[in-house]
Amino acid sequence: MENDTIEIVNESKISGILERTKDPSFEEVKRVLKKAREKKGLSVEEVGVLVNMKGEENMKELFRVASLIKNEIYGERLVFFAPLYVSDYCVNDCAYCNFHSSNKTAHRTRLSLEEVKKQVEVLINMGHKRVLLEFGEDPKQADIDYVIDVIKAIYSVKTQKGNIRRINVNIAATTVENYRKLQAAHIGTYQLFQETYHRGTYKKLHKGPKADYDRQITAQDRALEAGIDDRGLGVLFGLYDWKFEIIALISHAEYLEKSGGVGPHTISVPRLCEAPTVKYTPEYPVSDDDFMKLVAIIRLAVPYTGMIISTRESAELRNKLFKIGISQTSAASVTTTGGYGKKTATAQFETHDKRSVEEVISDAVDNNILPSFCTACYRMGRTGENFMGIAKPGEIHDFCRPNGIITFAEYLEDFAPLELKEKGYRVIYHFLGLIDDERLKKKTSEHLEQVKKGKRDLFF
Ligand code: SAM
Ligand code: SF4
């Protein structure tokens, strides 16, 4: 199997890159940062230069370029979602996770479809339109048919305050046949984190079916074979040297593009958090400064891949990260199964941003960010290669800004108190004014008026 996966991540190649680039010259860093401005991405060797660069001037320039790219490609928008924990039964014993099988004190829960629907009602009432489903791996308690029933149950919930319009899914690596079922159930993105790309560390930290490194790293190939072309990658930072992980992650992204014709739709950057029964302490803790740096490097290396931050990070850090590369965020997340609106016992890990959706949105607006609840792309068939075909020449702006405006107006009408509504509309009209195409501006403006009159779910 080593040979099959060698093209995805080749450890000796990565060590060679880290060695060759360990002390990059000022000129070399300058050249790479200049190339990044072309928004065509970076080679793994160039990523090596950035992970190894030092010095305040270089860092300033890195963040400046990252925020320019973020603005040019994703503009002012920040897309919101919420994780939904459905079942925490798990046959794996991942060293870092509170759902690990050696946690014998956990009160395990698997939601009934009625309980799922109740959770969804709570999420809708918070303003959410997108969820990310989370399951522990357990072929008996949470088999694929149960996962599919959960997805159908969620899409079936329609309330006066709206509905969930996009379901992203984070389930354990599985078979092509099971991915076909997910695809047929109209999921958005399939996310699966490699956790660590370093084989030795991976082996040390996992027990159970997930301990199979090759099953994990080839999962996205099977997902694509099943027709899922919006795929999300991620690393759990803290398990191994972040410099190695970033080069490996970008190698994986390159591999997906080369082998399947389409790169990752998203990259998530979870960083290890404390968890009640977890004794494991991160062997390679990542400081806030390095975390900022790695987010900026990913932004430069794969400019057209959305980047996701969760409430594992503090409000203060998240606000900085939104500026340098993050395009999607969760808000007011609960990491216990069935824990929205009620207290439940077993959390997967502790979150560090406890703000309500309203507070996160209010802060975003103060920073001149346009919160977006858009779910239009996959509903319009703009996925995979088709999505990249629009995103790369920059045409995605034509859809995203208007859709962000319309969905944020829905949020303001249905959920916001007066003060937030007033400042929210100020941001909306500011960005409406920036739409260049006069016809599109007019159409967006008409949609906006319709939303104010009670019409919902309009999109381009
Ligand atoms: N059980 C599936 C799996 O492991 O792929 C589904 C996802 S699990 C609920 C979501 C992710 O949470 C994991 O992939 C892991 O990266 C992350 N995670 C686990 N323990 C964590 C911790 N202590 N701190 C931060 N993130 C953690
Ligand atoms: Fe189970 Fe996923 Fe937690 Fe591992 S990370 S113990 S697979 S829920």
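Just so it is clear, the structure is predicted and the values come from calculations on it, not from any experiment. (Residues numbered from 1 in each chain as written. Chains lettered and ligands numbered in written order. Predicted model: local features only at pLDDT ≥ 70, side-chain atom pairs only at ≥ 80, totals over all residues. Heavy atoms only, no water.)

1. Things to note about the packing of aromatic side chains
(1) Moving on: Tallying each qualifying case throughout the model produces 12 aromatic pairs.
(2) Moving on: Aromatic pair Phe 408 and Tyr 411: ring centres 6.3 Å apart, planes at 15 degrees, arrangement stacked. On the criterion of helical spacing, the pair formed by Phe 408 and Tyr 411 is a turn pair, its members being 3 residues apart in helix H18 (residues 396-415). In this structure, Phe 408 and Tyr 411 share a single accessibility class: buried.
(3) Moving on: An aromatic cluster is defined as three or more aromatic residues linked by ring pairs; in this entry it consists of Phe 80, Phe 373, Phe 408, Tyr 411 and Phe 415.
(4) Moving on: One cation-aromatic arrangement involves Arg 271 over Phe 291; the distance from NZ or CZ to the ring centre is 4.5 Å.
(5) Moving on: The ring of Tyr 425 is capped by Lys 452, whose NZ or CZ atom sits 4.9 Å from the centre of that ring. (Phe/Tyr/Trp six-rings, centres within 6.5 Å; stacked < 30°, edge-to-face > 60°. Helix = DSSP H or I, 4+ residues; strand = E, 2+ residues; numbered from the N terminus. Buried < 20%, exposed > 50% of the residue type's maximum accessible area, 1.4 Å probe, protein only. Lys NZ or Arg CZ within 6 Å of the ring centre and 35° of its normal.)

2. Here's the deal with the domain arrangement of the protein
(1) Moving on: Annotation of the protein at the domain level lists domain 1 (71-376) and domain 2 (391-452).
(2) Moving on: One C-alpha centre belongs to domain 1, the other to domain 2; they are set 27 Å apart.
(3) Moving on: Listed by partner, the interface residues are 30 residues for domain 1 and 23 residues for domain 2.
(4) Moving on: Taken together, both faces of the contact between domain 1 and domain 2 bury some 2200 Å²; the carbon and sulfur share is 61%.
(5) Moving on: Of all residues in domain 1, the largest losses of buried area upon contact with domain 2 belong to Arg 77, Tyr 304 and Leu 370, amounting jointly to 24% of the total for that side.
(6) Moving on: Our enumeration of links across domain 1 and domain 2 arrives at 3 salt bridges.
(7) Moving on: Note that Glu 76 and Arg 401 form a salt bridge whose closest N and O atoms lie 2.8 Å from each other.
(8) Moving on: Those elements that provide at least two residues to the side of domain 1 that touches domain 2 are helix H5 (56-74), helix H6 (113-126), helix H15 (357-366) and strand S11 (370-372).
(9) Moving on: A per-element tally of the side of domain 1 that touches domain 2 places H15 first, with 6 residues. (Domains from an automatic or database assignment. Contact = heavy atoms within 4.5 Å. Buried area = accessible area lost by both parts, 1.4 Å probe. Salt bridge = Lys/Arg side-chain N within 4 Å of Asp/Glu carboxyl O.)

3. Some details on the pairing of strand S2 (residues 130-135)
(1) Moving on: Burial within S2 is extensive, with 6 of its 6 residues counted as buried.
(2) Moving on: Burial of the side chains of S2 extends over both faces: Arg 130, Leu 132 and Glu 134 are buried on one face and Val 131, Leu 133 and Phe 135 on the other.
(3) Moving on: Pairing analysis gives 5 bridges linking strand S1 (residues 77-87) to S2, with the strands arranged parallel. What sits directly across from Ala 82, in S2, is Val 131.
(4) Moving on: Running through H6, the crossover from S1 to the neighbouring parallel element S2 is right-handed.
(5) Moving on: The pairing of S2 with strand S5 (residues 166-170) spans 5 bridges and is parallel. Along S5, the bridge assignment pairs Arg 130 with Arg 166. (Pairing = 2+ DSSP bridges. Right-handed = clockwise from strand over helix to strand, strands pointing away.)

4. Here's the deal with the site of ligand 1
(1) Moving on: What surrounds ligand 1 is a group of 18 residues, the closest being Tyr 96, Glu 195, Lys 210, Cys 273 and Arg 312.
(2) Moving on: The contact in question runs from an oxygen atom of ligand 1 to an N or O atom on the side chain of Glu 195, over 2.6 Å.
(3) Moving on: The contact in question runs from a nitrogen atom of ligand 1 to an N or O atom on the side chain of Arg 312, over 2.9 Å.
(4) Moving on: When ligand 1 is considered free in solution it has 560 Å² of accessible area, and contact with the protein chains removes 96% of it.
(5) Moving on: Partitioning the shell around ligand 1 into residue classes produces 10 nonpolar, 3 polar and 5 charged. (Near = heavy atom within 4 Å. Polar contact = N/O pair within 3.5 Å; in protein donor to acceptor, adjacent residues only side chain to side chain. Areas by Shrake-Rupley, 256 points an atom, 1.4 Å probe, with all protein chains shown as cover. Nonpolar A, V, L, I, M, F, W, Y, C, P; charged D, E, K, R; others polar.)

5. Examining unusual backbone geometry
(1) Moving on: The residue Glu 195 is not glycine, and still its phi comes out positive at about 70 degrees.
(2) Moving on: By secondary structure assignment, the location of Glu 195 is in the loop between strand S6 (190-191) and helix H9 (199-205).
(3) Moving on: Assessed through its relative accessible area of 9%, Glu 195 is described here as buried.
(4) Moving on: Phi at Ala 332 is positive, roughly 55 degrees, even though this residue is not glycine.

6. Description of the environment of His 128
(1) Moving on: With respect to the helices and strands, the residue His 128 is situated in the loop between H6 and S2.
(2) Moving on: Taking the C-alpha atoms as reference, His 128 lies 18 Å from Arg 401; in sequence the two are 273 residues apart.
(3) Moving on: Setting aside anything within four residues of it in sequence, one finds His 128 in contact with Phe 81, Ala 82, Leu 123, Asn 163, Ile 164, Ala 331, Val 357 and Phe 373.

7. Considerations on the site of ligand 2
(1) Moving on: Residues in contact with ligand 2, as listed here, are Cys 90, Asn 92, Cys 94, Tyr 96, Cys 97, Phe 99, His 100, Gly 136, Lys 210 and Gln 348.
(2) Moving on: Taken together, the residues of the shell around ligand 2 break down into 5 nonpolar, 4 polar and 1 charged.

8. As for the packing of helix H19 (residues 418-432) against helix H20 (residues 438-452)
Axis angle and axis distance: for two packed helices, these are the angle between their axes and the distance between the axes, and together they describe the pair.
(1) Moving on: Between H19 and H20, whose axes approach to 11 Å, the crossing angle comes to 160 degrees. The orientation of H19 relative to H20 falls into the category roughly antiparallel. Contacts from Tyr 425, Ile 428, Tyr 429 and Leu 432 of H19 reach H20 at Lys 441, Thr 444, Ser 445, Leu 448, Glu 449 and Lys 452.
(2) Moving on: Here the residues of the contact of H19 with H20 are counted per class, giving 5 nonpolar, 2 polar and 3 charged. (Axes fitted to C-alpha atoms, helices over the stretch in contact; angles between N-to-C directions. Parallel < 35°, antiparallel > 145°, perpendicular 65-115°, else oblique.)

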